[in-house]
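Here is what each chain is made of, one letter per residue.
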Amino acid sequence: MKSDQEIMQRIREAIDDCTREIDHAPSLQYQIARKARGEEPMVKKISASAVLVIALVIISMTAALAAGFGLFGELAQHQTTDQRLAQLDEVAEPMSVSLVTDDGISIEIGQAYYEGNRVFVSYHLSGNLYSVELHEGAPEEDYTWSDVLENTIASETFGSDIPELQRLYTWLNGEDQRWGTSHEASLHDGLFLEDGTYLDITDGSDVLQEDGSIIGWKECEIPADRVSDTLTFKAVLFRGNDIWFQDGTTCKRLYQRGENTDVLFTLNHNDHYAFLRGSGETDIYQAQAELASGRVDLKGIVHMTVPEKWVNIWNTWENDDELDIIEGWSLYQGGILISRDGTQSIRTEGTKDLYFKLLFPGLENHDGLSLVPEYFRSGEHMDEAISMEQTAE
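Residues numbered from 1 in each chain as written. Predicted model: local features only at pLDDT ≥ 70, side-chain atom pairs only at ≥ 80, totals over all residues. Heavy atoms only, no water.

Peer 1: Which parts of the structure should I look at to understand the overall build of the protein chain?
Peer 2: If you tally the helices and strands in the protein chain, you get eight helices and 23 strands. Residues classed as buried in the protein chain amount to 43% of the 393 residues present. Sequence-distant contacts, at least 24 apart, represent 64% of the contacts inside the protein chain between residues at least 6 apart. Surface summary for the protein chain: the accessible area is close to 21,200 Å², and the carbon and sulfur share equals 47%. (Helix = DSSP H or I, 4+ residues; strand = E, 2+ residues; numbered from the N terminus. Buried < 20%, exposed > 50% of the residue type's maximum accessible area, 1.4 Å probe, protein only. Contact = heavy atoms within 4.5 Å. Areas by Shrake-Rupley, 256 points an atom, 1.4 Å probe, with all protein chains shown as cover.)

Structure follows, in structure tokens:
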């Protein structure tokens, strides 16, 4: 039987063969920028025969893929925009942590990985995660509402991918007095250390399955002073109840927190980092770049000293003079494009400092890496590439 990597490569090759004439899709950042400028990108269509080829390839390999995947790998099939999930499926530790709560909710920690100052975890939740009750008229009890929203009809304002919650919102349509309750069981956004130290979430998502269960993943940051060779982490399952009352055009809501259930798991620290640095300078700016490459991804910062006008543009989101400023950085290796979609955020400091937060797919080989600036109007400037050299640190 072929390995997962070979199978995935065949799928990618089939899709590439069928879409070879399609331009590289612009990142969301550039789509927004183009719309703001009134530019509508040309749409290129895939032929019906190409779609059929892709479908047949994927269908023929589904069984093989499912047989070899952990939860990260399964999530990679749903969340195709984050290339790290496939890599996490290869490097993460399989966990044998699961429990069933007294109220019948099953929690499984599928895989987890602890590298640098971050922890990644995948999970599966099943059981009575969401339930609602619908009622005519007004509640008999005189509640002290958390929120009172005038001129708000729930069915027109709120929506959910969870069918049960959507059923509640649809019920509150403003035609008569109606109310309802919802019960939710979900994992806390972040994770915790065993002593209660909170680990802020930096990425993650979840997927609702056809059977009503949920699979998901999280990436959380560990405070620098808490990083150690072995850490015990805690995922927290919380419960909550919402009471909703649609009184004409007024929507009222009361949230009540329920009990928590802790799920603990222990991981050893993986420190497979390579550090790279580089710098660049033009008549307009100076730039210092630092990257840290682990087994999962390549993260870093480009710190730029720029004209004050550039900083003002990022502070105000207004560029009336249409200055050709740098919007992001692309990663190249040996002159070959690796990714244009690595710019995660842009932060200003003072009047002349910009910080570009970067995130690229992990690489085993770091030779010949460079960062190339992409400008608002003129695109990439290869002549301003910053060569990244590996350091001992």
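Once the structure has been displayed, the description carries forward.
Peer 1: Sorry if this is basic, but what is going on with unusual backbone geometry here?
Peer 2: Peptide bonds are trans in most cases, and residues, glycine excluded, mostly fall at negative phi. In this structure, W317 is a non-glycine residue whose phi angle is positive, near 60 degrees. Non-glycine residue E322 carries a positive phi angle of around 50 degrees. Among the structural elements, E322 can be located in the loop between α8 (308-316) and β16 (326-333). Residue classification places E322 among the partly exposed residues on the basis of a relative accessible area of 45%.

Peer 1: Would you mind showing me how to read the sheet that holds strand β1 (residues 93-100) here?
Peer 2: Two orientations exist for strands paired in a sheet by backbone hydrogen bonds: parallel and antiparallel. A sheet is described by the order of its strands in space; here five strands give the open sequence β1-β2-β3-β10-β9, paired in antiparallel fashion. Two strands bound the open sheet, and with one partner strand each, they are β1 and β9 (201-208). Here the strands of the sheet are splayed against their neighbours by 15 degrees on average, with no regard to which way each runs. Two elements, β1 and strand β2 (residues 106-115), share six bridges in a ladder whose sense is antiparallel. By the bridge assignment for β2, V100 is matched with S106. (Pairing = 2+ DSSP bridges. Axes fitted to C-alpha atoms, helices over the stretch in contact; angles between N-to-C directions.)

Peer 1: In this structure, what is going on with the packing of aromatic side chains? I would like to understand it.
Peer 2: Centre-to-centre distance and the angle between the planes together describe a pair of aromatic rings. Considering all chains together, one arrives at 12 aromatic pairs under this definition. Ring plane angle 40 degrees and centroid distance 5.9 Å describe the contact between F158 and Y169, whose orientation is recorded as tilted. Linking F158 in the loop between α6 (154-157) and α7 (163-171) with Y169 in helix α7, this pair joins segments that are 11 residues apart in sequence. Residue classification places F158 among the partly exposed residues on the basis of a relative accessible area of 26%. Judged by relative accessible area, Y169 falls into the buried class, the value being 12%. Put simply, the rings of Y114, F233 and F265 touch in pairs and so form one group of aromatic residues. Stacked on the ring of Y355, the Lys or Arg R347 has its end atom at 4.2 Å from the ring centre. (Phe/Tyr/Trp six-rings, centres within 6.5 Å; stacked < 30°, edge-to-face > 60°. Lys NZ or Arg CZ within 6 Å of the ring centre and 35° of its normal.)

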